[in-house]
Structure formats: structure tokens, C-alpha cells
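# Results of the structural survey
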Amino acid sequence: MPAGRYAPSPTGLLHLGNLRTALVAWLAARRDGSAFRLRSDDLDPAARPEFEAEQLADLAALGLEWDGPVVRQSQRRPRYEEAIATLVEAGATYPCYCTRSEIREATRAPHGEAPDGAYPGTCRDLTDAERAGRERDGRPPALRLRADGVTQGVVDHNLGRTIGVVDDFVLRRNDGLPAYNLTTVVDDAAMDVEEVVRGDDLWSSTPRQAYLATMLGLPVPAYLHVPLVLGPDGARLAKRHGAVTLADRLAAGESPDDVRARLAASLGLVGAGDDASPGALLTRFDPGRLPREPWTFDG
Ligand code: GLU
């Protein structure tokens, strides 16, 4: 069954920006008559089951019910290795021995229209002897996709269409963990996700993911990126901005309905006093009319 999804990393509590994205993901899926699925992106070494439990409880408290079991990335390692093996067999990968600081150094020099944090290709054409030398130095390699500067178009229901250069991004990190772009693409396809809804901080990675899906013979989903929430100082909303989690808002005397209404108002879905129940929001939601600017939350 076609699905939408919300895929938080259980590395902390969800804040209002995360909850707002989750609300949009729920509305987008339910409006299309799709399933709404949850995935716990729990491969991050900072992930904790306690955070996952609290994240799920917060989504339930806001009435964002989901379908089926929660998918946990930590239980899907063999799937990621299968996908990596396909790419290795196709000759579409190479080992990369660069450290973060070497990449930072190398990317100071401009290199075309590559995305944020794009890899400049330092290890792409190492000879066998050079590789053997790096191995002898004891540096564990990451594995990168050989994208060769291909361009990839993607369409977002809110942001429109863009064409991005795909860099040689990481498939497996040098600590052995499968990397974010790979796990997302493999899982979205396995979960029948037809529309990916997430924060627009991930928009610049979207051409990478669409290209990788194509390389793996998987369907490319539609995308809907939600503008971020900022604190009063203009920085991305974070704990230090004060009462930003659902628990904080409840402690300040708001109810889950109040919080949902506030999030819905920030999305232009309701005005003061309007019915902001999940069902009422569904009748008002239009993915093409979301705000394109960040929302500043000032308490
Ligand atoms: N797990 C990622 C995050 O919490 C989101 C992944 C995605 O939606 O593609 O930022």
C-alpha cells in the first residue's frame, strides 16, 4: 500500500520543528489515502530506545496515529549491505581514505555547482598502489558512490523543481555504519513510500537520493520539504531556546490540542479559534500552499 512516513532519529526529544514536520507528514499521507508509517533512524551511535519511546508517545499525544510496526534501521543492516553489494558489483563505488579536515581543506577551492558539503573526488582515481599505501597507513576507508558529477532533477511539492549535481557521497562510513543517504533510499522503497516529507535542511541531499534510487532500480518518490523552525535569535530551533518540546509546553500549561493548533496556525492551516482537530486539519491541508519561509518560534 502506498505510504507516507516520518523518520526521526532517536537522539533526543522531538522539538516543535520536528513535531510540525511530523504533522505535515501525517496530513500529506492521510490526505492521499496512503498509510502513514514511522521509521526510527536509529543507526546513529547517539540513538537511545528511551528517546524513541518518548518520540512515539509525543506523536500519539498529538493524534498523529501511524500504521503498522515502527521500522528500525538497526534491524535492517543486511538490506543495506545488499544494496551496497549491488553497487560494488556494478563498479560504482570506491574506497575513500580522506579525513573530515582533509575534505574541508579540499573544498575551500570552489568546484562548480556541487551541493553543500560536496566531496571533491580526492580518492576517486587513486591507483592500486596509492590505495595499498593508504591501507598500510591504517586508515579505515569509507565507501563512496562514483557519481562522476552527474546531474539529477527532483520535484518538491512545496519548493518546485531543481536540478542538482550529485557528488560522490558516502555509502558506508569509515566506522562501518551504512550512511544516511543509502539507508533512507533503501528503506523508503521497502516501505512503499510514495512521498517523502521532511525538514528542508535535507533538500540539498535530495538529488543524491533520487539518483541513488535510480542506480538501485528503485522508484524515485515525490518530495515535500517543510521549512525549518527558528528560535528568536534566528538560529535553528534547539533545546537552548527554552520550552520547545511537547513536555515543556504541557508543563507550561498548554494541552496537546493547543500545541497542535499552534503548529497548524504556523502552517497557515487555521486562524485563532478554528477547529484544529486532526480531522479538521485534513480538510484544509494543501501541500502546494505550505509556507516557504521558516517559522520563528518565540515562546
Ligand atoms: N532521520 C532524519 C532526521 O531526523 C530524517 C531522515 C529523512 O526524513 O530523510 O533528520
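We now turn to the structure provided with this report.

The rules behind the values
- Residues numbered from 1 in each chain as written.
- Predicted model: local features only at pLDDT ≥ 70, side-chain atom pairs only at ≥ 80, totals over all residues.
- Heavy atoms only, no water.
- Core = buried A, V, L, I, M, F, W, Y, C linked by side-chain atoms within 4.5 Å.
- Buried < 20%, exposed > 50% of the residue type's maximum accessible area, 1.4 Å probe, protein only.
- Helix = DSSP H or I, 4+ residues; strand = E, 2+ residues; numbered from the N terminus.
- Contact = heavy atoms within 4.5 Å.
- Near = heavy atom within 4 Å.
- Polar contact = N/O pair within 3.5 Å; in protein donor to acceptor, adjacent residues only side chain to side chain.
- Nonpolar A, V, L, I, M, F, W, Y, C, P; charged D, E, K, R; others polar.
- Phe/Tyr/Trp six-rings, centres within 6.5 Å; stacked < 30°, edge-to-face > 60°.
- Lys NZ or Arg CZ within 6 Å of the ring centre and 35° of its normal.
- Salt bridge = Lys/Arg side-chain N within 4 Å of Asp/Glu carboxyl O.
- 1 Å grid on protein atoms, 1.4 Å probe; cavity = no way out; pocket = protein on both sides within 12 Å on 5 of 7 lines; lining within 4 Å.
- Points joined across faces, edges and corners; volume = space filled by probe spheres on them.
- Pairing = 2+ DSSP bridges.
- Axes fitted to C-alpha atoms, helices over the stretch in contact; angles between N-to-C directions.
- Expected span 1.5 Å × (residues − 1).

## A few points about the nonpolar core
In terms of nonpolar packing, the biggest core is built from 38 residues, with Tyr6, Leu19, Val24, Leu59, Leu263, Leu281 and Phe285 touching the most fellow members. Breaking this core down by element, the ones donating at least two residues are α1 (16–31), β2 (35–40), α2 (49–61), β10 (222–226) and α9 (256–266). Sorting elements by how many residues they give to this core places α1 first, with 10 residues. Leave out the neighbours within four places in its chain, and phenylalanine 285 touches Val24, Leu27, Ala28, Arg31, Leu224, Leu269 and Leu290. Counting residues in each nonpolar core, the second largest holds 20 residues, with Ala83, Leu87, Leu177 and Tyr211 among its members.

## Here's the deal with the site of the ligand
Taken together, Arg5, Ala7, Pro8, Ser9, Asp41, Tyr180, Thr184, Arg198 and Leu202 form the complete shell of residues around the ligand. Arginine 5 is positioned such that a nitrogen or oxygen atom in its side chain is 2.6 Å from an oxygen atom of the ligand. Class assignment of the residues belonging to the shell around the ligand gives a composition of 4 nonpolar, 2 polar and 3 charged.

## As for the packing of aromatic side chains
One pass over the full model with this rule turns up 1 aromatic pair. Both rings, one in tryptophan 295 and one in phenylalanine 297, keep their centres 5.6 Å apart while their planes meet at 70°; by these two values the pair is edge-to-face. We classify tryptophan 295 as buried; its relative accessible area is 18%. Judged by relative accessible area, which is 4%, phenylalanine 297 ranks as buried. In this structure, arginine 144 packs its charged tip against the face of tyrosine 119, placed 3.5 Å from the ring centre.

## Some remarks on the pattern of salt bridges
Any two side chains of opposite charge can pair, given that their charged atoms come close. The full count for this structure, using the stated rule, is 21 salt bridges. Linking arginine 31 and aspartate 32 is a salt bridge whose minimum nitrogen-to-oxygen distance equals 3.6 Å. Judged by relative accessible area, aspartate 32 falls into the partly exposed class, the value being 47%. Between arginine 124 and aspartate 168 there is a salt bridge, with the nearest N and O atoms lying 2.7 Å from each other.

## Thoughts on empty space enclosed by the protein
A probe matching the size of a water molecule, rolled over the atoms, marks out where space remains unfilled. The final tally for this structure, using the stated rule, is 3 cavities of 30 Å³ or more. The space that makes up the largest cavity amounts to roughly 70 Å³. Considering the residues around the largest cavity, the lining is formed by Thr184, Val185, Asp188, Ala189, Val196, Arg198, Gln209, Ala213, Pro219, Pro221 and Tyr223. Elements with a minimum of two residues in the lining of the largest cavity: α6 (180–190), β9 (193–199) and α7 (206–215). Looking at the lining of the largest cavity element by element, the count peaks at 4 residues for α6. When the residues that make up the lining of the largest cavity are grouped by side-chain class, the tally is 7 nonpolar, 2 polar and 2 charged. Taken as a whole, the second largest cavity encloses approximately 40 Å³ of empty space. Forming the walls of the second largest cavity are Pro8, Leu38, Arg39, Ser40, Glu52, Gln55, Leu56 and Val70. For the lining of the second largest cavity, the secondary structure elements donating two or more residues are β2 and α2. Here the lining of the second largest cavity is built from residues that sort into 4 nonpolar, 2 polar and 2 charged.

## A word on the sheet that holds strand β5 (residues 142–145)
The 3 strands are arranged β4-β5-β8 in an open sheet whose pairing can be described as antiparallel. This sheet does not close on itself; its edge strands, each paired only once, are β4 (93–96) and β8 (170–172). Adjacent strand axes in the sheet meet at a mean angle of 45°, parallel and antiparallel pairs treated alike. Bridge analysis of β5 against β8 gives 2 bridges, and the strand direction is antiparallel. In the strand pairing of β8, arginine 144 is matched with valine 170. Against the sheet, helix α3 (residues 77–89) makes contact with β4, β5 and β8, and its axis sits at roughly 120° relative to β8, the strand it touches most.

## Regarding the pairing of β5
Here β5 shows a buried face lined by Ala142 and Arg144 and a second buried face lined by Leu143 and Leu145. Looking at chain direction, β4 and β5 are connected through 4 bridges and run antiparallel. Bridging across to β5, tyrosine 94 finds its partner in arginine 144.

## As for α1
A rise of 1.5 Å per residue sets the reference length of α1, with its 16 residues, at 22 Å; its end C-alpha atoms lie 22 Å apart and thus fit the reference within 8%. Within α1, 13 of the 16 residues are buried, which leaves the element mostly enclosed by the surrounding structure. Of the residues flanking the end of α1, it is glycine 33, one or two places downstream, whose phi is positive at about 70°.

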